[in-house]
Amino acid sequence: MADRPKRFVTVGKNLRKVDGTALITGKPEFVADLQLPNTLHVKILGSPYAHARITSIDVRDAEAMPGVVCVLTHLNTPATRHTTAGQGYPEPSPYDTRMFENKVRFVGDRVAAVAAESEAIAEAALKVIRVDYEELPAVLAIDEARVDGAPVIHDEADSTGIYDAGRNIVADVDIDVGDVAAGFAESDEIVEMTCETQYAQHTPIETHVVLSYLDSANRLVLRTSTQVPFHVRRIVAQTLDIPMQQIRVIKPRIGGGFGTKQEILLEDIVGLITLRTGQPALISLSRQEEFAASRTRHPMRVRVKLGANSDGRLNAIEMEATSNTGAYGSHGLTVLANTGSKTLPLYNKAPHAHFYGQAIYTNLPVGGAYRGYGATQGYYPLEMAMDELAVRLNMDPIDLRTLNHIRVGETSPIFEKLGEGREGVSQTVKSCELPRCIEIGAERIGWAKKRGKRLKIGPWVHGVGMSIMMQGSGIPEIDMAAATIKMNEDGSFNLLIGATDLGTGSDTILAQIAAEVLGVPLTKMLVTSSDTDYTPFDVGAYASSTTYVSGMAVQKAAEQVRDQIRAVAAPLLKAEAERLELRDDAVHDPSGDQVSLARVCQRAMYETDQFQIGATASCVPTESPPPFLANFAEVAVNTETGKVKVVHYVAAVDCGVAINPHMAEGQMEGAIVNGIGYALTEEMILSSKGRVRNPSFFDYKIPGMLDVPPMDIILVESYEPTGPMGAKSVGEIGINGPIPTIANAIYDAVGVRLTETPFTPERVLNAMKAVSG
């Protein structure tokens, strides 16, 4: 492990979140907490059909209803094609969406919006809108979408960026390294595994919510629960065809995002209503609407084929992915590409690799960004196939992985061949403590004692499983973040960042980085974030980018401010600026003399060569250093009912230097619990007509606190030389582990391979019956 360059004072400490007091005391921090006079309440009429054309729409009764102020349909709104995906420009997602259209493509698709003086009036007005539909044949499965004569979901002429609209193919990816056919021919053992993942929803406690209003200069202000405020500004300006300078986007506190709020879903509607009426407008999706009409994880079918020599060395890896992107292509290409790009480099010892796949339109709910972003679907078959390969080679699964995984100083051609929707960037791994993660995790779970023993307690049989994985830290040569720091007369600092805190603690972590450089306690950093008028640009919270990319921007800005402080302090201390050190709210020289930061700022502002001490810096990363994770789980399987209980979960993670260890552990805990739900209980059930049948927490089972197993989170420190203070990402990687880890533990317990999620009691019991004959 590369050594830390110094002992940190603020970084690496479990400091209280800068917004913690406001949140626990119930301050009005969220979108809907701001109540403005004359606010209109907005409700959306959704399509009852999975695929239909609107032949007529009559809103006269709704418009005549007392209290109704505005009604929007495809007849009176802009027809600009755009993407709802909050990605950097030019977006790699197709422009296949309009605000409203005369064709609907899934149950819940937008038909009309009503703005009224109360929510009840708006709901009543929706019921009197008369719509005539021509129902069209619907495509409700990926296998139906590409057959000859299948209904064409996007038959419009003005959509762009679709790979093959006539065959319902949003995106196509195909990359080769070496010759996989030759690699398989040379192999002593070949394992092939195909797995399917289900529709799943992010279920943020706060649903999508936006408040729009006009400021004193008649500019449109969007106060929105978003992960991507700057992308919101750009895409709303494009959709409404108004100057970007006329829009201000403010992101307050967020009640959960997980990727679903990396989407511009509602801002255009309320923005247009405010521009037309001059009144504030508020829209907040119901839980049912959140399930049916926001975004989901892309269901996928992923096939993995491995070829290895008898000693366990991999010769070839092939991965084929087919992704269901639903009715629109938001994130379709990039999630598909990530399924290979975040998984295949892990086993770089295989000289031959092939990844190919397609993202497919269907008339079902729309896929989008979801924590893990394709890697979750890819690691499921990959790590199950590795487990099966170990069984066939009579090797310990740990030994097989240890033999083949990437290490410090190594690279993978996949890094360069496959990025997020384009070619990637060549890079070498500079930090990796995965071997230690494996060692520590195995010891903590009791691997050597429990593996293969199948302990029985009544009808319950115990087993242990494991998996390893890597992710990334931002999107190299695409992501950009900036930060501004200015100094105040009392020695405090304003930190202005476009980075988006989703409850992840990024405001705190970025402030800790700045405080470390400037030698002040965290309380001296005054953080303002996510306001497009006042904070510098940041792509937003996605791709595990904030700590690494935004953190480097903050570190660079802080270093420039530090150098300015040294220059001002040098005459006061009669010392060379380069030899001065900032610590304990003061500037110190080697002789022991010091001057307070407040005195330095007073000199700069009021006395000699006056100027504002401050700086803005940016970061565009040239690589994406991966965090690494070793997962271990003990499960108990009830052989009478098929129920699976996670008895103990261990996750040993290398995320570089943890800026705030408790927050890093919290990110891992949340991701793992999210992943356990995805593995065992969460599934959107769709009717034969494409309707979501379980759009509530009563029927869609997310884990509660009583469902959370004992968990050990171990932060195994490395030092990433390209990262801020040695840090890498940690936000996404944890969610990739539970499915393959639990699946492998179930195999160890009862000898069945489960290739479809979630692992419900029915599926487990049926698999056991099939094996027993």
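Residues numbered from 1 in each chain as written. Predicted model: local features only at pLDDT ≥ 70, side-chain atom pairs only at ≥ 80, totals over all residues. Heavy atoms only, no water.

**Some thoughts on the overall build of the protein**
Scanning the protein from N- to C-terminus turns up 20 helices and 29 strands. Over its C-alpha trace the protein gives a radius of gyration of 27 Å, about what one expects of a compact globule, namely 28 Å for 773 residues. C-alpha extents for the protein along the principal axes are approximately 90 × 75 × 50 Å. Each of the 773 residues in the protein was classed as buried or not, and the buried ones make up 63%. (Helix = DSSP H or I, 4+ residues; strand = E, 2+ residues; numbered from the N terminus. Rg over C-alpha atoms; globule rule 2.2 N^0.38 Å. Buried < 20%, exposed > 50% of the residue type's maximum accessible area, 1.4 Å probe, protein only.)

**Notes on the domain arrangement of the protein**
Examined at the domain level, the protein breaks down into domain 1 (20-28 + 480-619), domain 2 (34-136 + 205-256 + 261-293) and domain 3 (300-475 + 623-772). On a C-alpha basis, the centres of domain 1 and domain 2 stand 38 Å from each other. Opposite the 21 residues of domain 1 that make contact, domain 2 presents 21 residues. Here domain 1 and domain 2 share an interface that buries about 1600 Å² over both sides, 50% of which is from carbon and sulfur atoms. Looking only at domain 1, the three residues that lose the most surface to domain 2 are L502, T532 and Y542, adding up to 36% of its buried area. Across the domain 1-domain 2 interface, the total number found is 5 salt bridges. (Domains from an automatic or database assignment. Contact = heavy atoms within 4.5 Å. Buried area = accessible area lost by both parts, 1.4 Å probe. Salt bridge = Lys/Arg side-chain N within 4 Å of Asp/Glu carboxyl O.)

**Here we look at a nonpolar patch on the surface**
Together, I205, F697 and I702 make up an exposed nonpolar region whose accessible area comes to about 270 Å². Turning to its location among the elements, F697 is positioned in the loop between α18 (661-680) and β29 (711-715). For F697, a relative accessible area of 31% corresponds to the partly exposed category. (Patch = residues over 30% accessible without salt bridge, like charges linked within 9 Å, V, L, I, M, F, W, Y side chains within 5 Å. Areas by Shrake-Rupley, 256 points an atom, 1.4 Å probe, with all protein chains shown as cover.)

**Structural notes on α18**
Under the 1.5 Å per step criterion, the end-to-end length of α18 is 28 Å for 20 residues, consistent within 8% with the ideal 28 Å. For α18, the buried fraction is high: 15 of the 20 residues fall into the buried class. (Expected span 1.5 Å × (residues − 1).)

**Focus on the sheet that holds strand β12 (residues 247-250)**
Strands sit in the order β3-β5-β1-β13-β10-β11-β12 across an open sheet of 7 strands; the sheet is mixed. Edge positions in the open sheet fall to β3 (68-72) and β12, since each of these has one partner strand only. In this sheet, adjacent strand axes meet at a mean angle of 20° when their direction is disregarded. Note that strand β10 (residues 209-214) and strand β11 (residues 220-224) share 5 bridges and pair antiparallel. Across the sheet, the residue bridging to Y213 is V221, located in β11. Strand contacts of helix α3 (residues 119-127): β1 (40-46), β3 and β5 (110-116), with the helix running at about 30° to β1, the strand carrying the most contacts. Against the sheet, helix α6 (residues 229-240) contacts β11 and β12, and its axis sits at roughly 150° relative to β12. (Pairing = 2+ DSSP bridges. Axes fitted to C-alpha atoms, helices over the stretch in contact; angles between N-to-C directions.)

**Thoughts on the pattern of salt bridges**
Pairing is possible between side chains of opposite charge, provided their charged atoms come close. Taken as a whole and assessed by the stated rule, the structure comprises 51 salt bridges. In this structure, R753 and E388 form a salt bridge, with 3.0 Å as the shortest nitrogen-oxygen distance. Of this pair, R753 sits in the loop between α19 (738-750) and α20 (761-772) while E388 is found in helix α10 (residues 375-392), placing the two residues 365 residues apart along the sequence. Where K524 meets D585, a salt bridge forms, and the shortest distance between an N and an O atom there is 3.4 Å. One end of the pair, K524, is in the loop between α15 (506-518) and β22 (525-529); the other, D585, is in the loop between β23 (581-583) and β24 (586-588), with 61 residues separating them in the sequence. Residue class for K524 comes out partly exposed when judged on its relative accessible area of 21%. Each of E189, D387, E388, R392, R451, D748 and R753 takes part in salt bridges that share partners, so that together they form one network.

**Focus on unusual backbone geometry**
With an omega of -5°, the peptide bond between Y89 and P90 qualifies as cis. As for its placement among the helices and strands, P90 is situated in the loop between β3 and β4 (103-104). P758 follows T757 through a cis peptide bond whose omega is -5°. Tracing the backbone shows P758 in the loop between α19 and α20. Positive phi outside glycine occurs at N168, with the angle close to 60°. Within the element layout of this structure, N168 appears in the loop between α4 (142-145) and β7 (169-177). The exposure class assigned to N168 is buried, which follows from its relative accessible area of 0%.

**Quick word on helix α16 (residues 546-573)**
Over its 28 residues, α16 extends 37 Å from the first C-alpha to the last, a length consistent with the 40 Å expected when each residue adds 1.5 Å. Of the residues trailing α16, K574 is marked for its positive phi of about 50°.

**Thoughts on the packing of aromatic side chains**
Evaluated as defined, the whole model comprises 7 aromatic pairs. The interplanar angle of 65° and the centroid separation of 5.2 Å between the aromatic rings of F230 and F537 together place this pair among those described as edge-to-face. Here F230, found in helix α6, pairs with F537, found in the loop between β22 and α16; they are 307 residues apart in sequence, far enough to count as distant. Taking the relative accessible area as the measure of exposure, F230 reaches 4% and is therefore buried. Accessibility expressed as a relative area gives 30% for F537, which makes it partly exposed. Seen from their ring centres, W447 and F632 are 5.7 Å apart, and the 75° between their planes marks the pair as edge-to-face. Taken together, the positions of W447 in helix α14 (residues 447-450) and F632 in strand β27 (residues 628-638) put the pair 185 residues apart, joining distant regions of the chain. The residues W447 and F632 share a single accessibility class, namely buried. An aromatic cluster is built from F291, F697 and Y700, whose rings are joined through pairwise contacts. (Phe/Tyr/Trp six-rings, centres within 6.5 Å; stacked < 30°, edge-to-face > 60°.)

**Re the sheet that holds β23**
The 3 strands are arranged β23-β24-β25 in an open sheet whose pairing can be described as antiparallel. Pairing within the sheet leaves two strands with one partner each, and these edge strands are β23 and β25 (594-596). Averaged over all adjacent pairs, the angle separating strand axes in this sheet is 25°, with direction ignored. Here β24 runs beside β25; their pairing, made up of 3 bridges, is antiparallel.

**Examining the pairing of β10**
On a regular strand, each side chain points to the face opposite its neighbour's, so the side chains alternate between the two faces of the sheet. Extensive coverage of β10 is indicated by the burial of 5 of its 6 residues. Two strands pair when backbone bridges link them, and β10 and strand β13 (residues 281-284) are joined in this way by 4 bridges, in the antiparallel orientation. Residue pairing across strands places L211 opposite L282, the latter belonging to β13. Taken together, β10 and the strand that follows it, β11, pair antiparallel across an intervening segment of 5 residues, in which N218 is found at a positive phi of about 65°.

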